[in-house]
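As a plain string of letters, each chain reads:
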Amino acid sequence: MQTKKKHSLNLIIGLIITCIMLFLIILGFFYTPYDPTKMDSSAKFAAPSIKHLMGCDNFGRDIFSRVLKGMGNTFVIALATVVIGVVSGVLIGAVTGYFGGWLDEVVMRINDVVFAFPSILLALVFISLFGTGKYNVVLALGIAFIPSFARIVRGEFIKYREMDYVKSARLAGVSHLRIIFVHILPNTMTVLLSSIMIGFNNAVLAEAGMSYLGIGVQPPDASLGSMLSEAQGYLFSAPGYAVFTGLMIILLVLGFSLLADGLKKG
Amino acid sequence: METTNILEINNLNVYYNKKHHVLKDISFSMKRGEILGLVGESGCGKTSLAKAILGMQSNYDGSISLDCRNPQMVFQDPYSSLNPSKKIGWILEEPLRMKKGTEKLTHAKRQEKVAQMLEKVGLDIKIREHYPSELSGGQRQRIAIAAALLCDTGFLIADEPVSALDVTIQAQIIKLLLQLHKEMGLSILFISHDLRVVYMMCDRVMIMRDGMILERGCVDEIYKNPQNDYTKLLLEAANIN
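Small disclaimer: the values here were computed from a predicted structure and weren't measured.

Observations regarding the sheet that holds strand β5 (residues 72–74) of chain B
Residues and elements named next belong to chain B. Reading across the sheet, the 6 strands line up as β5-β6-β7-β3-β8-β9 and stay open at both edges, with mixed pairing between neighbours. Pairing within the sheet leaves two strands with one partner each, and these edge strands are β5 and β9 (212–218). Sheet twist, expressed as the mean angle between neighbouring strand axes with direction ignored, is 20°. As judged from the 5 bridges shared by strand β6 (residues 155–159) and strand β7 (residues 187–192), these two strands associate in the parallel manner. Its bridge partner being in β7, A158 is matched across the sheet by F190.

See the structure below:
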């Protein structure tokens, strides 16, 4: 009872934070108070005020406008990463989990090899081979995320393929493809959804980390990671720059974490 | 009632992992429209035999000849027999969606057939809007039977269909199966370890142990005059005789 209460509270708080963050992200796509790339030497390191809600950076650019734009970039990259990971992972996990046999053995051992490397390290190798830029970051992180989703979906399929309702469907002449996507996949959604939320958080942090290292989103485009990297040099002269950017990363991740926790069955 | 055989099995041997010999030289036949009981302790090979008949067992030798389209099975556990994420209406329509070509049915026709079948198994039509988790074990087993029958089958394997239900619900499901057998001329291979239930349901019975059929014959004959020691033991344990 107590656990259930905690889960629904997490769900509500997570939903509120995520809705606010999504509102800011969508707002950033259509409107920013200032041009996020426009420099203004007179506003260099300006403190937070009515005119500049979060102050200005070392080039006099409005931090709030850059945060809005940067959150959008980070969100799109994380979303695209998760889409690549989920679509490929679901396909691999569903087929190997449902059919089993030698196909499962071979594919899952390859999966284990990829899974053994930390996703950031794998993405760094990819970037060093194919170059920097947000599209390569998406592809690199997407590929690195496939094994974790494949493993989760495979586990669920192994559980469900032996259930009597699946045997009944086979006896009724339902095709394997239909059993996989219509009969079993919807039942894996609870587990998959919470994994997607966790995966999204990891993607946000991975993107921020890569942009922080200078191999993600390239200037003058803004991303939360690259902004945090810039802010590091002015931690004492303009602490607001690092604090507001870091706060946005925390809130984005916290919102989805609480949502994922709330979605798990108590 | 036709008296031709619907099922004929000759010298059937089933193996697991090429080493474990599960069914040993099983031979028997079953008449069309008959209810044949298969009795034996857990692990004696009853379900393996059912799976072999339904083509769900690949590692076997011997011959299985089943003269029936779409053989179906009603499983022991009513809680895993129905897809938890789908409504009952969808579950019952699914076998009808599989019909191809000239047999293909419109949505309205499918719904009509589902409604007729629900009436046949004694359930309210409103149950279509419910999820399996909202139903009792007995209701679920009725739905499982309805879904099997919607496949236009003439042969049903009931694998301990009442063992997970309480006594009053057991009686209702047995009554339903007998009624459907009478109305539709259904042939039923009734697997159970409950000798009393088999006595109520079946015309003939086979006693199985360690993958072999020890004794077979009419229910009255076997129950009144058992020849095999194991059969005698089973009847004694069930307090019959």
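Moving on from the model shown.
Digging into the sheet that holds strand β2 (residues 20–31) of chain B
Adjacent strands of a sheet pair through backbone hydrogen bonds, lying either parallel or antiparallel. Residues and elements named next belong to chain B. If you walk across this open sheet you meet the 3 strands as β2-β1-β4, and the pairing is antiparallel. Two strands bound the open sheet, and with one partner strand each, they are β2 and β4 (60–66). The sheet shows a mean angle of 10° between the axes of neighbouring strands, taken without regard to direction. One ladder, built from 6 bridges, connects strand β1 (residues 5–16) with β4; its direction is antiparallel.

Structural notes on the environment of A:Y241
All names here are of chain A. Inspection of the secondary structure assignment puts Y241 in helix α10 (residues 239–263). Sequence-wise, Y241 and N58 are 183 residues apart; in three dimensions their C-alpha atoms are separated by 9.3 Å. Here Y241 is in contact with G55, D57, I63, A231 and Y234, once residues within four sequence places are set aside.

With respect to the confidence of the model for chain B
With 98% of its residues at a pLDDT of 70 or more, chain B has an overall mean of 90. We note a pTM of 0.83 for the whole complex and an ipTM of 0.88 for its interfaces.

Observations concerning the domain arrangement of chain B
Residues and elements named next belong to chain B. Here the domain parsing of chain B yields domain 1 (33–61 + 155–241) and domain 2 (81–152). Each of domain 1 and domain 2 has a C-alpha centre, and the two are 26 Å apart. Contact residues are listed per partner, giving 9 residues for domain 1 and 9 residues for domain 2. Of the residues forming the side of domain 1 that touches domain 2, the biggest block, 5 residues, is contributed by helix α5 (residues 167–184). Here the residues of the side of domain 1 that touches domain 2 sort into 8 nonpolar, 1 polar and no charged.

Details of the interface of chain B and chain A
The interface of chain B with chain A comprises 16 residues on the first partner and 12 residues on the second. Put simply, the parts of the chain that give the side of chain B that touches chain A at least two residues each are β5 and α2 (88–97) of chain B. Split into classes, the residues belonging to the side of chain B that touches chain A amount to 9 nonpolar, 5 polar and 2 charged.

Regarding the pairing of strand β8 (residues 204–209) of chain B
Each regular strand displays side chains that alternate between the two surfaces of the sheet. Residues and elements named next belong to chain B. Burial analysis of β8 places 5 of its 6 residues in the buried class, which makes it a mostly covered element. Summarising the sheet, strand β3 (residues 35–40) and β8 pair through 5 bridges and their orientation is parallel. Note that in β8 the partner of L36 across the bridge is R204. The pairing of β8 with β9 spans 6 bridges and is antiparallel. Counted as the bridge partner of M208 is I213 from β9.

Thoughts on unusual backbone geometry
Residues and elements named next belong to chain B. Despite not being glycine, D152 shows a phi value in the positive range, around 55°. Looking at the element boundaries, D152 is found in the loop between α4 (137–149) and β6. Judged by local crowding, D152 falls into the partly exposed class, with 13 C-beta atoms found within 10 Å. In the Ramachandran plot, D210 falls in the positive-phi region, its phi being about 50° despite a non-glycine side chain. For D210, a count of 15 C-beta atoms within 10 Å translates into the label partly exposed.

Calculation notes
Residues numbered from 1 in each chain as written. Chains lettered and ligands numbered in written order. Predicted model: local features only at pLDDT ≥ 70, side-chain atom pairs only at ≥ 80, totals over all residues. Pairing = 2+ DSSP bridges. Helix = DSSP H or I, 4+ residues; strand = E, 2+ residues; numbered from the N terminus. Axes fitted to C-alpha atoms, helices over the stretch in contact; angles between N-to-C directions. Contact = placed C-beta atoms within 7 Å. pLDDT = per-residue confidence, 0-100. Domains from an automatic or database assignment. Nonpolar A, V, L, I, M, F, W, Y, C, P; charged D, E, K, R; others polar. Buried ≥ 20, exposed ≤ 12 C-beta atoms within 10 Å, placed from the backbone.

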